[in-house]
Amino acid sequence: MINIALQLWSVREDCARNLPETLKSIAKMGYTGVEFAGYYEKTAKELKKILDDVGLKAVGTHLAIDPLLGDELKKTVEFNHVIGNKYLIVAGLKEERSCSKPAWLETAKLMNEISGKVKPEKMRIGYHNHANEFKHMNGELPWDIFFKAANPDIIMQLDAGNAMMGGVSADGLLDILNRYPDRAVTVHLKDYLAKDEKVLLGEGEANIKKFISLCETHGKTEWYIVEQSRYAFTPMECVERCINNLKTLLK
């Protein structure tokens, strides 16, 4: 059985109301890990206790690049050591870091430097896409500009649904994995349907089964992270339906 985690942004309002009960419910659904996108005013020790109590692992955190710079990097590393997380994923950039090819190359250089700093801590950094990384910039994709310049230690956290929103086809997702082998250590499983932005995992145009198969053979993927950011039902119902659909696909 593959390792399946949930990006907690999917259920952020539930987490804000009652984090322990929300994580307990997530574990009961069959998720074995969570990826953070904020900490709900909890200390690292408090988060670690909640995770241990419900039997979940911290398998990533989404953050801006600023917490990885200067004196903030040490604080970020210490916090994530405590909660047991080793993957620090940049989930978006300010315009000045992504507005042109030189900006993307400079960002890659900066992240290469950060990668070297966290490696002795047995941590890795990565980059997560939205749609803009797959919009052409003078004939090139920002995604390719960045990952051709980024060192192989930097995780390519490919979000399937976001990439398709940017114009990538289902087969194009597979091409990306082939172009950058061994770098998809964690990926986001999100589906896409042009006519329905609330589509659930396994019910859209992304060939999730083929995507996972290639992650297994080419990506060195350790964690599959479900993210559902738009809802046809309550957020908790949506993420439960997502994991049930995924289990059916994997049978």
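Structure: see above.
These figures come from a predicted structure and were not determined experimentally.

Student: Kindly report on the overall build of the protein chain, identifying the contributing residues and their values.
Tutor: Each helix and strand counted, the protein chain has ten helices and eight strands in total. What you see for the protein chain is a C-alpha radius of gyration of 17 Å, in line with the 18 Å of a compact globule of 251 residues. Overall, the C-alpha framework of the protein chain stretches about 45 × 45 × 30 Å when taken along its three principal axes. Within the protein chain, the proportion of its 251 residues that are buried is 49%. Looking at the protein chain as shown, the accessible area adds up to about 11,800 Å², and 49% of this sits on carbon and sulfur atoms.

Student: Which residues make up the pairing of strand 4 (residues 87-90), and what values do they have?
Tutor: Here strand 4 shows no split at all, with Tyr87 and Ile89 on one side and Leu88 and Val90 on the other all buried. Across three bridges, the pairing between strand 3 (residues 57-63) and strand 4 is parallel. Bridge pairing in strand 4 places Leu63 opposite Val90. Strand direction decides the pairing type here: strand 4 and strand 5 (residues 124-128), joined by four bridges, are parallel. Looking across to strand 5, one finds that Ile89 is bridged to Gly126. Handedness of the strand 4-helix 5 (residues 101-118)-strand 5 crossover: right-handed.

Student: Kindly report on the environment of Thr107, identifying the contributing residues and their values.
Tutor: Mapped onto the elements of the fold, Thr107 is located in helix 5. The class of Thr107 is buried, set by a relative accessible area of 1%.

Student: Which residues make up the packing of helix 3 (residues 44-54) against helix 4 (residues 71-83), and what are the values?
Tutor: Direction vectors running N to C along helix 3 and helix 4 enclose 25 degrees, while the axes themselves pass 8 Å from each other. With respect to helix 4, the axis of helix 3 lies roughly parallel. Where helix 3 crosses over helix 4, the two elements pack in a sense that is right-handed. Across the interface between the two elements, Ala44, Lys45, Leu47, Lys48 and Leu51 from helix 3 touch Phe79, Val82 and Ile83 from helix 4.

Student: Account for unusual backbone geometry, with residues named and values stated.
Tutor: With a phi angle near 60 degrees, Glu41 is a residue other than glycine that sits in the positive phi range. Inspection of the secondary structure puts Glu41 in the loop between strand 2 (33-36) and helix 3. On the basis of relative accessibility, which here comes to 83%, the residue Glu41 falls in the exposed class. One non-glycine residue, Asp182, lies in the positive phi region at around 70 degrees. Here Asp182 lies in the loop between helix 8 (170-179) and strand 7 (186-189). Assessed through its relative accessible area of 37%, Asp182 is described here as partly exposed.

Student: Go over helix 2 (residues 19-29) with me, naming the residues and quoting the values.
Tutor: Of the positions making up helix 2, those classed as buried are Leu19, Thr22, Leu23, Ile26 and Met29. Around the axis of helix 2, the buried residues are gathered within 110 degrees of arc, so they sit on the same side. Where helix 2 is buried, its residues contact strand 1 (4-7), helix 1 (12-17), strand 2, helix 3 and helix 10 (235-250). Of the residues flanking the start of helix 2, the one acting as N-cap is Asn18, its side-chain oxygen 3.1 Å from the backbone nitrogen of Glu21. Gly30 sits one or two residues past helix 2 and shows a positive phi near 120 degrees.

Conventions adopted
- Residues numbered from 1 in each chain as written.
- Predicted model: local features only at pLDDT ≥ 70, side-chain atom pairs only at ≥ 80, totals over all residues.
- Heavy atoms only, no water.
- Helix = DSSP H or I, 4+ residues; strand = E, 2+ residues; numbered from the N terminus.
- Rg over C-alpha atoms; globule rule 2.2 N^0.38 Å.
- Buried < 20%, exposed > 50% of the residue type's maximum accessible area, 1.4 Å probe, protein only.
- Areas by Shrake-Rupley, 256 points an atom, 1.4 Å probe, with all protein chains shown as cover.
- Pairing = 2+ DSSP bridges.
- Right-handed = clockwise from strand over helix to strand, strands pointing away.
- Axes fitted to C-alpha atoms, helices over the stretch in contact; angles between N-to-C directions.
- Parallel < 35°, antiparallel > 145°, perpendicular 65-115°, else oblique.
- Left-handed = near helix turned anticlockwise from the far one by under 90°.
- Contact = heavy atoms within 4.5 Å.
- Arc of directions from axis to C-beta.
- Polar contact = N/O pair within 3.5 Å; in protein donor to acceptor, adjacent residues only side chain to side chain.

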